[in-house]
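Each chain, letter by letter, is given below.
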Amino acid sequence: MVSSKGGVGKTTVATNLAVALAQAVPYSTVIVDLDLQFGDVATTLNLSPEHFMAEALQSVASGDTIALKTRLTLHETGLYVLPAPAHPAEADGITSAQISQLLKVLTQEFPYVVVDTSPGLSDHTLGALDHTTDPLLLTGLSVTGVSGMRKVVDTLSVLQMFTDRYHVVVNWADATDGVSLADVEQTLGTPVGTAIPRSKSAPGSANVGVPLMQSHVRDPLVKSLASLVNTLLPEGVKLDPRGRLRVKKRGKA
Ligand SMILES: Nc1ncnc2c1ncn2[C@@H]1O[C@H](COP(=O)(O)OP(=O)(O)O)[C@@H](O)[C@H]1O
Ligand SMILES: [Mg+2]
């Protein structure tokens, strides 16, 4: 999950995606808060974690995968959560090599590892992108947002990291501020994979700490994220437009 700016909905999309994957495939998913200074994944999920990034990194350094799992916080949906450090200053001491190693271990242990990030392309984010199979690039429909995303794409291209794995997500896609989805596609040179409209319920759900994908409300954000999640789920497992699980029975159409 990458964006050039803050406030575009990275944490909203990351937490909702992660909850949806965890509900669809039990104990399959961990969300890692790589917004190391001001991460709010735990708050958005209404969790009060006992363990934070530093302890998880220690377990990784000592090669103790079982200890690592005990350092994760379990959300009521079955989602594992690795929160950002408890204090912003701790972020400075964390290297991108540590993050790479952490994600390497987590991707061996979990089918789905969802990574929220801070705005921009920090070393930590670049380290994470090395291990990401389905990177999402998130932007709103503003001139500054889209031109920031163009710079992200250019930077990734220079680093030879930009491939067709990248999936462009436009948030607040129904905002009519003069920038259209076609403008985004033209500026970035890649198609928009997912367009998420404005959701009246999103800010409230973050404040109470219950992601919309968990409350299964009828909502445009839930509907578009459900179809994004469906592209990631195993065959036969599907979410309906309210994010509820639909498992196809064998032999039935
Ligand atoms: N599609 C949307 N419709 C309405 N509000 C949204 C939408 N996406 C995000 N928000 C709200 O915007 C604010 C910022 O979102 P957040 O996910 O924290 O952004 P970021 O992590 O990129 O800084 C939050 O209050 C969130 O609830
Ligand atoms: Mg955020």
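All figures in this text were calculated on a predicted structure; none of them were measured in a lab.

A. Just empty space enclosed by the protein, in detail. Enumeration according to the criterion identifies one cavity of 30 Å³ or more in this entry. Considered as a void within the structure, the largest cavity measures approximately 60 Å³ in volume. Taken together, T12, T15, N16, T44, A202, S205, A206, V210 and P211 make up the lining of the largest cavity. Considered class by class, the residues forming the lining of the largest cavity number four nonpolar, five polar and no charged.

B. View of unusual backbone geometry. Backbone geometry at Y27 places phi at a positive 55 degrees, although glycine is not the residue there. Position of Y27 among the secondary structure elements: in the loop between α1 (10-24) and β1 (29-34). One non-glycine residue with positive phi stands out, namely W172, at about 55 degrees. Tracing the sequence through the fold places W172 in the loop between β6 (167-171) and α8 (181-188).

C. Summary view of the sheet that holds strand β7 (residues 192-196). What the three strands build is an open sheet, ordered β5-β6-β7; its pairing is parallel. In this open sheet, the two strands that pair with only one neighbour each are β5 (136-139) and β7. Within the sheet, the average angular offset between the axes of one strand and its neighbour, ignoring direction, is 25 degrees. Pairing analysis gives four bridges linking β5 to β6, with the strands arranged parallel.

D. Looking closely at the packing of helix α7 (residues 143-158) against α8. The geometry of α7 relative to α8 is characterised by a closest axis approach of 9 Å and an angle of 30 degrees between their N-to-C directions. What the angle tells us is that α7 and α8 run roughly parallel. Helix-helix and strand crossings are classified by hand; for α7 and α8 the assignment is right-handed. Judged by residue contacts, V146, M149, R150 and V153 of α7 engage V184, T187 and L188 from α8. Across the contact of α7 with α8, the residue classes tally to five nonpolar, one polar and one charged.

E. Spotlight on the nonpolar core. The biggest cluster of nonpolar side chains holds 36 residues, and the ones touching the most others in it are V13, I31, L45, L79 and L233. Of all the secondary-structure elements, those providing two or more residues to this core are α1, α2 (41-44), β4 (112-117), β5, α10 (212-215), α11 (220-230) and β8 (237-239). It is α1 that provides the largest number of residues to this core, a total of nine residues. Not counting residues within four places of it along the chain, the set of residues in contact with I31 comprises A14, T15, A18, V41, L45, L79, Y80, V81, L82 and V114. Counting 22 residues, the second largest nonpolar core, distinct from the first, contains V30, V32, I99 and L103.

Reading the values: the criteria
- Residues numbered from 1 in each chain as written.
- Chains lettered and ligands numbered in written order.
- Predicted model: local features only at pLDDT ≥ 70, side-chain atom pairs only at ≥ 80, totals over all residues.
- Heavy atoms only, no water.
- 1 Å grid on protein atoms, 1.4 Å probe; cavity = no way out; pocket = protein on both sides within 12 Å on 5 of 7 lines; lining within 4 Å.
- Points joined across faces, edges and corners; volume = space filled by probe spheres on them.
- Nonpolar A, V, L, I, M, F, W, Y, C, P; charged D, E, K, R; others polar.
- Helix = DSSP H or I, 4+ residues; strand = E, 2+ residues; numbered from the N terminus.
- Pairing = 2+ DSSP bridges.
- Axes fitted to C-alpha atoms, helices over the stretch in contact; angles between N-to-C directions.
- Parallel < 35°, antiparallel > 145°, perpendicular 65-115°, else oblique.
- Left-handed = near helix turned anticlockwise from the far one by under 90°.
- Contact = heavy atoms within 4.5 Å.
- Core = buried A, V, L, I, M, F, W, Y, C linked by side-chain atoms within 4.5 Å.
- Buried < 20%, exposed > 50% of the residue type's maximum accessible area, 1.4 Å probe, protein only.

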